[in-house]
Amino acid sequence: MNFIADFHIHSHFSIATSKQLVPEYLDLWARNKGLKVLGTGDFTHPGWIKELKEKLEPAEQGLYKLKEKFRIKDEFSIANTPENEPRFILTSEISSIYKKNDRVRKVHNLIFAPDFKTVEKIQKSITKIGGNITSDGRPILGLDSKHLLEMALTASGNIFFVPAHIWTPWFSVLGSKSGFDTIEECYEDLTQYIYAVETGLSANAPMHWMCSFLDKFTLLSNSDAHSPEKLGRNANIFNTELTYNSICNTIKNADKNKFLGTIDLHPQEGKYHYDGHRKCNVLWNPVETLKNNGICKVCGTPVTVGVMNRAVRLSDRENLFERKNRLPFHSIIPLKEILSEINQVGPNSKKVHRNYIALLEKLGPELNILLKLPIPIFREKGFPILAEAIERMRKNHISIKEGFDGEFGQIKVFKDNEIQNLKHKDSLFPNKIKEDSPKLDPPLINFSLDEYRRLTSTHSLPKVEKKKSKPKKIVDLAGLNYEQKRAAKHLEGTALILAGPGTGKTRVLTHRISYLVNIKNINPENILAITFTNKAADEIRIRLKDLLNNEDSLKKLNLTTFHSLCYTILKEHSYQIGLNPNFTIIDEKEKISLMIEYMEITKDIAKSLSLKFSQAFHNMEHFLNTENIEIEEMLHEYQHTLIENNIIDLDSLIYNTVILLEDNPQIREQYISKFKWILVDEFQDVNSIQFKFLKLLLDKSQNLFVIGDPNQAIYGFRGADIKHIKYLKNTLSEENIYELKKSYRCSGYILKASNNLIELGKKHKFLEGLKKGVKIKITTNPSEKSEAEFIARTIEKMMGGLRFFSIDSNITKGNNETGFSLSDFAILCRTHSQMRHIEQSLENHSIPFQVINDNNFINKAIIHEILLFIKAILNPDYSYLKNRILKKYKLDNTAFLNIQNLAKSNKLSVTDICNRYFHTLKSNDENVLKKFQEISAEFGNNLHQVLKYLTLKSEIDEYKPHTEEVTLMTFHASKGLEFTNVFLAGCEDGLIPYSLNENKKTDPMEEGRLFYVGMTRAKENLFLSRAANRFIHGRSLYLDPSPFLKKIDDELTEILKQQYKQKKEMKSQNQLTLFK
DNA sequence: ACCCGGTGTTTTTTT
DNA sequence: AACACCGGGT
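Residues numbered from 1 in each chain as written. Chains lettered and ligands numbered in written order. Predicted model: local features only at pLDDT ≥ 70, side-chain atom pairs only at ≥ 80, totals over all residues. Heavy atoms only, no water.

Draft legend 1. Spotlight on the overall build of chain A. Helices and strands together make up the secondary structure of chain A, namely 43 helices and 33 strands. Here chain A holds 1076 residues, and the buried ones make up 57% of them. A fraction of 76% describes how many contacts in chain A between residues 6 or more apart in sequence connect residues 24 or more apart. Summed over all atoms, the accessible surface of chain A reaches about 47200 Å², with 50% contributed by carbon and sulfur. (Helix = DSSP H or I, 4+ residues; strand = E, 2+ residues; numbered from the N terminus. Buried < 20%, exposed > 50% of the residue type's maximum accessible area, 1.4 Å probe, protein only. Contact = heavy atoms within 4.5 Å. Areas by Shrake-Rupley, 256 points an atom, 1.4 Å probe, with all protein chains shown as cover.)

Draft legend 2. Seen up close, the pattern of salt bridges. Inspection of the entire model under this criterion finds 48 salt bridges. Here Lys65 and Glu85 are joined by a salt bridge, their closest N and O atoms 3.6 Å apart. Here the residue Lys65 occupies a position in strand 4 (residues 64–66), and Glu85 occupies one in the loop between strand 4 and strand 5 (87–100), the gap between them amounting to 20 residues. Classification of Lys65 as partly exposed rests on a relative accessible area of 21%. For Glu85, a relative accessible area of 14% puts it in the buried group. A salt bridge links Asp215 to Arg317, with the nearest nitrogen and oxygen atoms 2.5 Å apart. Remark: Arg317 occurs in the loop between helix 9 (307–314) and strand 15 (329–332) and Asp215 occurs in the loop between helix 6 (205–209) and strand 10 (218–220); sequence separation between them is 102 residues. Judged by relative accessible area, which is 21%, Asp215 ranks as partly exposed. (Salt bridge = Lys/Arg side-chain N within 4 Å of Asp/Glu carboxyl O.)

Draft legend 3. Examining the packing of aromatic side chains more closely. Under the definition given, this model contains 30 aromatic pairs. Both rings, one in Phe820 and one in Phe825, keep their centres 5.8 Å apart while their planes meet at 70°; by these two values the pair is edge-to-face. The buried category is assigned to Phe820, whose relative accessible area is 7%. By relative accessible area, Phe825 is classed as buried at 0%. Every member of this aromatic cluster is reached through a ring pair, and the members are Phe3, Phe7, Phe112, Phe160, Tyr195, Phe238 and Phe259. The positively charged end of Lys777 is found above the aromatic ring belonging to Phe1023, 5.1 Å away from the centroid. (Phe/Tyr/Trp six-rings, centres within 6.5 Å; stacked < 30°, edge-to-face > 60°. Lys NZ or Arg CZ within 6 Å of the ring centre and 35° of its normal.)

Draft legend 4. Local environment of the protein's contact with DNA strand C. As a matter of local geometry, DNA strand C sits amid Lys603, Arg836, His1033 and Gly1034. Backbone atoms, meaning sugar plus phosphate, form 31% of the atoms of DNA strand C positioned within 4 Å of the protein. Take Lys603: an N or O atom from its side chain is 2.4 Å from a phosphate oxygen of DNA strand C. One nitrogen or oxygen atom from the side chain of Arg836 is found 2.9 Å from a phosphate oxygen belonging to DNA strand C. Looking at the surface near DNA strand C residue by residue, the class counts come to no nonpolar, 2 polar and 2 charged. (Near = heavy atom within 4 Å. Polar contact = N/O pair within 3.5 Å; in protein donor to acceptor, adjacent residues only side chain to side chain. Nonpolar A, V, L, I, M, F, W, Y, C, P; charged D, E, K, R; others polar.)

Draft legend 5. Region of the structure containing unusual backbone geometry. The omega angle of the peptide bond from Ile992 to Pro993 is 0°, so this bond is cis rather than trans. As for its position among the elements, Pro993 is in the loop between strand 30 (979–984) and helix 41 (1004–1015). Look at Asp42: it is not a glycine, yet its phi comes out positive at around 55°. When you line up the elements, Asp42 lands in the loop between strand 2 (37–39) and helix 2 (46–55). By relative accessible area, which is 0% here, Asp42 ends up buried. Not every positive phi belongs to a glycine, and Asn521 is a case in point at roughly 55°. For Asn521, the position within the fold is in the loop between helix 18 (505–519) and strand 19 (527–531). Given the relative accessible area of 63%, Asn521 is considered exposed.

Draft legend 6. The protein's contact with DNA strand B, seen in detail. Taken together, 19 residues lie near DNA strand B, and Arg830, His832, Ser954, Glu955 and His1033 sit nearest. Per the 4 Å cut-off to the protein, sugar and phosphate atoms form 63% of the nearby atoms of DNA strand B. In this structure, a base oxygen belonging to DNA strand B sits 3.1 Å away from a side-chain N or O atom of His563. Contacts to DNA strand B include His972, whose side-chain N or O atom sits 3.5 Å from a base oxygen.

Draft legend 7. Focus on the sheet that holds strand 24 (residues 703–708). Spatial ordering of the open sheet is given by 20-19-23-24-18-25, a layout of 6 strands whose pairing is parallel. The sheet is open, and its two edges are formed by strand 20 (558–561) and strand 25 (737–740), each paired on a single side. Across the sheet, the mean angle separating the axes of adjacent strands is 15° when strand polarity is ignored. Relative to strand 24, strand 23 (residues 677–680) runs parallel, the two being bridged by 4 bridges. Bridged to Leu679 within strand 24 is Phe705. Sitting on the sheet, helix 21 (residues 562–572) is in contact with strand 19, strand 20 and strand 23, with an inclination near 110° to strand 20. (Pairing = 2+ DSSP bridges. Axes fitted to C-alpha atoms, helices over the stretch in contact; angles between N-to-C directions.)

Draft legend 8. Broad picture of the environment of Ser1042. You can see Ser1042 is positioned in the loop between strand 32 (1035–1038) and helix 42 (1043–1047). By relative accessible area, which is 0% here, Ser1042 ends up buried. Separated by 49 residues in the primary sequence, Ser1042 and Pro993 place their C-alpha atoms 7.1 Å from one another. Sequence-distant contacts of Ser1042, defined by excluding residues within four places in its chain, comprise Cys987, Glu988, Asp989, Ile992 and Pro993.

Draft legend 9. Spotlight on the nonpolar core. Trp167, Met210 and Leu386 are the most contacted members of the largest nonpolar core, which has 112 residues in total. The element that contributes the greatest number of residues to this core is helix 14 (residues 384–394), accounting for 6 residues. In this structure, Leu594, Leu660, Phe683 and Leu929 belong to the second largest nonpolar core, which totals 99 residues. (Core = buried A, V, L, I, M, F, W, Y, C linked by side-chain atoms within 4.5 Å.)

Draft legend 10. Examining helix 25 (residues 629–644) more closely. Here helix 25 contains 16 residues, and its C-alpha end-to-end distance of 22 Å stays within 8% of the 22 Å for a straight helix at 1.5 Å per residue. Those residues of helix 25 that sit buried are Ile631, Met634, Leu635, Tyr638, Gln639, Thr641 and Leu642. Buried residues of helix 25 fall within an arc of 155° about the axis and therefore sit on the same side. Within helix 25, the exposed residues directed more than 90 degrees away from the buried face are Ile629, Glu630, Glu633 and His640. Trailing helix 25 by a residue or two, Asn646 shows a phi angle of about 55°, which is positive. (Expected span 1.5 Å × (residues − 1). Arc of directions from axis to C-beta.)

Draft legend 11. Representation of a negative patch on the surface. A surface patch of negative charge is lined by Glu597, Glu600, Glu630, Glu633 and Glu637. We classify Glu597 as partly exposed; its relative accessible area is 47%. (Patch = residues over 30% accessible without salt bridge, like charges linked within 9 Å, V, L, I, M, F, W, Y side chains within 5 Å. Lys, Arg positive; Asp, Glu negative; His and termini not counted. Charge placed at Lys NZ, Arg CZ, Asp CG, Glu CD.)

Draft legend 12. The environment of Leu822, seen in detail. One can find Leu822 in the loop between helix 32 (804–808) and strand 27 (825–829). Look at Leu822 and you get buried, because its relative accessible area is 0%. Once you skip the residues sitting within four places of it in the chain, Leu822 turns out to touch Ile795, Met799, Ile847, Pro848, Glu964, Glu965 and Val966.

Draft legend 13. Local environment of the packing of helix 18 against helix 19 (residues 534–547). At their nearest, the axes of helix 18 and helix 19 sit 10 Å apart, and the two run at 45° to each other. Between helix 18 and helix 19, the angle is such that the two are oblique. Where helix 18 crosses over helix 19, the two elements pack in a sense that is right-handed. Every residue of helix 19 that contacts helix 18 at Thr506, Arg507, Leu509, Thr510, His511, Ile513, Ser514 and Asn518 is listed here: Glu539, Ile540, Arg543, Leu544 and Leu547. (Parallel < 35°, antiparallel > 145°, perpendicular 65-115°, else oblique. Left-handed = near helix turned anticlockwise from the far one by under 90°.)

Draft legend 14. Main features of the environment of Ile400. In this structure, Ile400 sits in strand 16 (residues 399–401). A relative accessible area of 33% means that Ile400 is categorised as partly exposed. As for Ile400 and Glu269, which are separated by 131 residues in sequence, their C-alpha atoms are 8.2 Å apart. Apart from residues no more than four positions distant in its own chain, Ile400 is found in contact with His266, Gln268, Gln410 and Ile411.

Draft legend 15. Focus on helix 40 (residues 943–952). Those residues of helix 40 that sit buried are Leu943, Val946, Leu947, Leu950 and Leu952. Of the residues that open helix 40, the one with a side-chain oxygen 3.0 Å from the backbone nitrogen of His944 is Asn942.

Draft legend 16. The arrangement of the confidence of the model for chain A in detail. Residues of chain A with pLDDT of at least 70 account for 89%, and the chain-wide mean is 84. Element-level mean pLDDT values for chain A span from 37 in helix 43 (residues 1067–1071) up to 97 in strand 8 (residues 160–163). Residue range residues 426–438 is modelled with pLDDT below 50. Its contacts to residues more than four positions away, or to other chains, number 17 contacts. The complex prediction reports pTM at 0.66, with the ipTM value standing at 0.88. (pLDDT = per-residue confidence, 0-100.)

Draft legend 17. A look at the packing of helix 3 (residues 116–128) against helix 4 (residues 145–155). Running from amino to carboxyl end, helix 3 crosses helix 4 at an angle of 140°, the nearest separation of the two axes being 9 Å. When the axes of helix 3 and helix 4 are compared, the pair comes out oblique. Here helix 3 and helix 4 pass one another in a crossing that is right-handed. Residues Thr118, Lys121, Ile122, Ser125 and Ile126 of helix 3 lie in contact with helix 4, whose contacting residues are Met151, Ala152 and Ala155. Residue classes in the contact of helix 3 with helix 4 are distributed as 5 nonpolar, 2 polar and 1 charged.

Written out as structure tokens, the structure reads:
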């Protein structure tokens, strides 16, 4: 059967597409165009699949057709006969954004699926890796194209996978901006499963014939239509059986008798076909560009390079016909454009539309008119001018002005004034219009490939400067600057290293360790490095891998957090403090319910007491001086309850360790001799009990090496006190204090501005920055929603447009030469609750992001329940919990013992527990549980380890630095991290400094330091945004700008004007109901 | 024992 | 705005 097919289109679920992209109109327009087979597009979208299932019914193998009752009959539909019923084939486009070989890649791929089952499998595997398939018909995943292909092949061996519009600069496998130079670089060993590539609107077959490496791929041509009228502007002609398998096989084999060729628009129409400068009126083909070394003659800056140039650069042929498997291609001009030229009115005008409909009714489908209908028929039916136009088009007797630098190209059938003259004769129905000068067929490539080749030896295009020279790996101290080196080599006694943001704190720490181990031959077992978070410890571990000579040293090294260390110490000596080694750590919720139960108090009192207890544990002096005898008694009662239940809370973890070491000198001795070299990171954040703990690990001769920055102390509320770092500063002699003054992170602007904040009257030395940088951008937005929108759009703009659509709209001009990656962006908020709107906006813009928010996981009710269950099993002496669990899960003692034994022999995994005791689950718990099981699997299902990890981990431990995602987190969580581009959201008086809770005052100095921390996360671009109006706790608040904004010198900042109006309606919501 | 709806309350950062 | 809590219904 002879038919035309267009596989790549979109549904109304995709962003920036017509509302008419519903099955009914697709069916209608396929008939109007003369398409037999139409891709559904967007099969990853559940809403679209639902709609397709409702409105389509199975036809031939792997093909579907519109149910009769949905067919639109009363419009200008033509050829409404059964043999013209279009078929649908399940297809979808997926956008992958990821980093490979050090560059950001954005690749679009088209997937064909044989049935709905396969579609659902693909949907599932996307969701499984955290992809969002509901916000856009064309999902954006942080997934490597190769892995996407793998995923699709896993779903079904019968899928068909086609790299989409392969030359598009921003979004394709060969794209100049974020693609590869070969297909293999992208798909590696899986390239063998790729049989075809899509040429796209901006390219036609000959451009591919230039490249021998594309010989093995069939060329497919599709419309990528965003509205029904654009269907079939590019398409494929088949003569084969009408089934899914036979279509795929035909594409695979590209048999000339079965795949009759492609239909393409003229690629010259594209906005970026040739090279040049629109403003300078310079339009060049690749040869001319090369002759000028890519520099515009008029303005002297590099010209905007088009798609043809990219293709020529990757090409290796002068004679296109060396490619054997060439298929015919038919260049067309859309009928409406021809009519527009004839009528001399716009192609979207009413007149053209009326004309168009009339023609379809008389002459049949559009593609039939353009390609097949014999020219004499046009004349017979009374369309002589059209006859002439179509004939010229078919013979390629047309004039072409190539598009360049954002300007559309122009394809014309008639010359200027020619139409006027024709019109006069029109009434006479001339038989044949003579051409002024009959043209020869234009060459397939309109410049000399031979010349291009010759020029490449002497000419070249300007190199786009690749930013980010990665910091060189330094294996010895040679790579450190003078101060860093001095600090790292410190040997005797206590040392304090004052290190501002970006001055190489971690670097000094890691190099000191490697110096001690490699040069001074210190046994790594005698070194203790303490951090506050697991993340920081991991970071040090990773960096040490390159610095230490052998893996063994790294394993022997004691690299841990305060809490983890104390936990380990207490496990070893638990009996000395009245616990047995099975003790578990309780969380805040457990703490409160225990207090209520054992002390017979109300929840409110328990909560306030809990706070007081925490403070007492953090700060020993406070604990000893408790004026209130009653509270002290209650504290003792509480401690007694903990011992009785063989549990400990987070706060007393360190306290109990201190008590242990104080009461047992022989144990203390043991640790003193073990930890001969102690290093502490983020020393400004230690509290009294931690400082005391450190002192207990030292004897007179021992070496304490602490790094910190008093300006970055932000944990006062949990007992941290700068007095400890200040104490060292004041008591240590000068040669034991090192100050790192050179910042390798922030630009000069950012350093100066942030310095305005911590100044607070006293003199402070500037850090020296590496580069001057750009001004800090400040914006005011009407509401938190528009603030969020500003952030999302700015990111989109800076990324050069994640969505195809963006390039054509005002959002972005698509001229990102800097090559930002999504992981270069961070958005910081004072509170978690601010994040909601920002998440929403990022989602609406299809920008992948990660939120650093512990509550998301561990505070989920179901996870909490399971953790309690595990605690009860692991710690049988926790009788309060055990009784509750027995009752709740209707277990008797024997059953409970059985479970315990299973757990002891490590035969009980989290999965088992879920399956056995938590099987009646709500569907939305599924993902959380899956995550829980994954975490558990990482620890080999050792429940003790899992529990320890989950109770002692910090939320920043969740941060994945290298995924292609924007990071959204609190100011606090951002400490120690750096990003090229940083947004500080909600710069309002009340949020930062925080003062919305009248009962609890914040320390204004600490809030200033917090803002300082936020600002100094940025390397290049810092945005400070605020909302004039904001809803907090259901109340509308008008907050003044943060006083911190005023502190920044005006000449360091630039006020951005509000550029974007808020869009009202949320698309997908409304559209579902449109056709019901 | 569980689900619901209505009412009231919360009010930041986190090992 | 989101959540906890309570009480009444099943």
